[in-house]
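Structural features, examined
Residues per chain, in single letters:
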Amino acid sequence: LINKGPLDAPFTYIPSTANVGHCFKFSPEQGVIAPGGTQTVQISFNATVLELFEEEFQFSVAGCPTPVSLKIKGCVDGPTLHFDVEELDFGNMSFGFPCTRTCRLTNTSPVSVTFKLRVPDDGGQAAVSSYDQIRDSTDPSWRKGIHWHVEPREFTMNPSRGTILPQGHQDIEVTLCSNTVMEYYRKLLVDVEGVGEGVAAVTLMGRCQVPKLNVFPQIMWYDECRLNEPYERKFLITNTGPLPGCYGLIPQKRKEDSPVVYSSSKPCGIVEPYSIAEIPVTIEVKSLGKHITNVL
């Protein structure tokens, strides 16, 4: 502000309520400028909307019927975020086996960006991996399958949130642990704090399948056995497909009058693609006679 007159000029900023006027702050908002003097005014702008703007700001001067006006115009642009790929294809996946893909999120804007990642319609409770399931052979899911009261959260991102510096990037690991036999077609969305939701997106694709495992032989003969002495035989689990599978021997329901008691030193495990797992089963006969027992 410049005082070109011969008298002191008391001035006062007139607050603006139009459009984005509330986003501007002036300092100082009032004062007195001596004749021929100047006053530097600092203007701060904190944008809350994305748009073109043109605002007029006024300062009243004591004794002057017309306020001093200052016009400010510009454009508020949102942050520009880009993924380095359009889609992440997980391909064919085995049920309960986590599969991870990596992408890069780049911030090409001149300001830092605080982001959060989400997959719409992904559930709340974390999905169960085969690795966790096989550790607990007593889990009822071995008999009844995995059941959810709500949809499981099958996608996880690392990191799922953070801040990217101007012209910086963040590598992101996206893991899909499928608990649903289906074909996936979802969106990974980026929400930006103070700007909006879904400002960037990448497509997530994949197909969950259950590998078929075969048992050989289906009948194991232990021949003649003495009472209460352990006898071991082995059977094979074959996986002829391209996906890994897991197995678990369901624990025997022990009863006092059970004629045969069985156990295994390898009650659960993973059978890799195109491979064979050898499973030992030890029995102890508790009563005389011929007995047939199903190992589940």
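Computed from a predicted structure; not experimentally measured. (Residues numbered from 1 in each chain as written. Predicted model: local features only at pLDDT ≥ 70, side-chain atom pairs only at ≥ 80, totals over all residues. Heavy atoms only, no water.)

**Here we look at the overall build of the chain**
Within the chain, the secondary structure is distributed over two helices and 23 strands. Over its C-alpha trace the chain gives a radius of gyration of 35 Å, far above what one expects of a compact globule, namely 19 Å for 296 residues. If one aligns the C-alpha atoms of the chain with their principal axes, the spans along those axes are about 125 × 40 × 25 Å. Across the 296 residues in the chain, those meeting the buried criterion constitute 35%. Here the analysis covers contacts within the chain between residues at least 6 apart in sequence; of these, 68% occur between residues at least 24 apart. Carbon and sulfur atoms provide 51% of the accessible area of the chain, an area that totals close to 18,300 Å². Both charge centroids of the chain, one from 26 positive and one from 33 negative side chains, sit 7 Å from each other. (Helix = DSSP H or I, 4+ residues; strand = E, 2+ residues; numbered from the N terminus. Rg over C-alpha atoms; globule rule 2.2 N^0.38 Å. Buried < 20%, exposed > 50% of the residue type's maximum accessible area, 1.4 Å probe, protein only. Contact = heavy atoms within 4.5 Å. Areas by Shrake-Rupley, 256 points an atom, 1.4 Å probe, with all protein chains shown as cover. Lys, Arg positive; Asp, Glu negative; His and termini not counted. Charge placed at Lys NZ, Arg CZ, Asp CG, Glu CD.)

**Structural notes on the nonpolar core**
The biggest cluster of nonpolar side chains holds 26 residues, and the ones touching the most others in it are F83, F90, F155, V174, L188, V190 and L204. Residue assignment for this core shows that the elements contributing at least two residues are β7 (81–83), β8 (87–94), β9 (99–107), β10 (113–118), β13 (155–158), β15 (169–176), β16 (183–192) and β17 (196–209). Residues in contact with L188, not counting those within four places in the same chain, are F83, L117, R118, V119, M157, V174, A200, A201, V202 and L204. In this structure, Y222, Y247, V271 and V281 belong to the second largest nonpolar core, which totals 14 residues. (Core = buried A, V, L, I, M, F, W, Y, C linked by side-chain atoms within 4.5 Å.)

**Regarding the pattern of salt bridges**
In the structure shown here, the tally under the stated rule is eight salt bridges. Notably, a salt bridge pairs E54 with K71, separated by 3.6 Å at the nearest N-O pair. Here K71 lies in strand β6 (residues 68–75) and E54 lies in strand β5 (residues 52–61), a separation of 17 residues in the sequence. Among the salt bridges present, the one from R207 reaches D89, with a minimum N-O distance of 4.0 Å. Separated by 118 residues along the polypeptide, R207 in strand β17 and D89 in strand β8 bring together distant segments of the chain. (Salt bridge = Lys/Arg side-chain N within 4 Å of Asp/Glu carboxyl O.)

**Looking at the UniProt feature "domain: HYDIN/VesB/CFA65-like Ig-like" (unreviewed entry) in the chain**
Under the local residue numbering, the UniProt record ascribes the feature "domain: HYDIN/VesB/CFA65-like Ig-like" (unreviewed entry) to residues 2–75. Helix makes up 0% of residues 2–75 and strand 49%, with an end-to-end C-alpha separation of 28 Å. (UniProt positions renumbered as here; feature names shortened; annotations may be inferred.)

**So, the side chain of Q252**
Along the chain, Q252 falls in the loop between β20 (245–248) and β21 (260–263). In this structure the side chain of Q252 is engaged in a polar contact, spanning 2.9 Å, whose partner is the backbone nitrogen of Y262. Setting aside chain neighbours within four positions, we find Q252 in contact with V260, V261, Y262 and T293. (Polar contact = N/O pair within 3.5 Å; in protein donor to acceptor, adjacent residues only side chain to side chain.)

**A closer look at the sheet that holds strand β19 (residues 230–239)**
The four strands are arranged β18-β19-β23-β21 in an open sheet whose pairing can be described as antiparallel. Among the strands making up the open sheet, the edge pair consists of β18 (213–216) and β21. The average angle at which neighbouring strand axes cross in this sheet is 30°, direction not considered. (Pairing = 2+ DSSP bridges. Axes fitted to C-alpha atoms, helices over the stretch in contact; angles between N-to-C directions.)

**Considering the environment of V76**
In this fold, V76 is placed in the loop between β6 and β7. Taking the relative accessible area as the measure of exposure, V76 reaches 15% and is therefore buried. Sequence separation of V76 and E51 is 25 residues, and the distance between their C-alpha atoms is 5.3 Å. Once residues within four sequence positions are removed from consideration, V76 is found in contact with F45, A47, V49, L50, E51 and F53.

**Some remarks on the sheet that holds strand β3 (residues 30–33)**
As summarised here, the arrangement of the four strands in space is β3-β1-β5-β6, forming an open sheet in which the pairing is antiparallel. Only two strands of the sheet have a single partner each, and these edge strands are β3 and β6. Within this sheet the neighbouring strands show an average axis-to-axis angle of 25°, counted without direction. Relative to β5, strand β1 (residues 9–14) runs antiparallel, the two being bridged by four bridges. Across the sheet, the residue bridging to I14 is Q58, located in β5.

**Quick look at a nonpolar patch on the surface**
Nonpolar side chains collect at one region of the surface, where L50, V195 and V199 lie side by side and expose about 220 Å² of accessible area between them. When you line up the elements, V195 lands in the loop between β16 and β17. Look at V195 and you get partly exposed, because its relative accessible area is 34%. (Patch = residues over 30% accessible without salt bridge, like charges linked within 9 Å, V, L, I, M, F, W, Y side chains within 5 Å.)

**Side note on the domain arrangement of the chain**
By the assigned domains, the chain splits into domain 1 (2–75), domain 2 (81–209) and domain 3 (213–285). Centre-to-centre separation of domain 2 and domain 3, based on C-alpha positions: 37 Å. Contacts between domain 2 and domain 3 engage twelve residues on the former and 13 residues on the latter. Between domain 2 and domain 3, a total of about 1,100 Å² is buried, with carbon and sulfur atoms accounting for 76% of that surface. Here domain 2 and domain 3 share zero salt bridges between them. Run the count over domain 2 and domain 3 and you get one residue pair in polar contact (both at pLDDT 80 or more). For the side of domain 2 that touches domain 3, the secondary structure elements donating two or more residues are β8, α1 (130–135) and α2 (141–144). Grouping the constituent residues of the side of domain 2 that touches domain 3 by class yields five nonpolar, six polar and one charged. (Domains from an automatic or database assignment. Buried area = accessible area lost by both parts, 1.4 Å probe. Nonpolar A, V, L, I, M, F, W, Y, C, P; charged D, E, K, R; others polar.)

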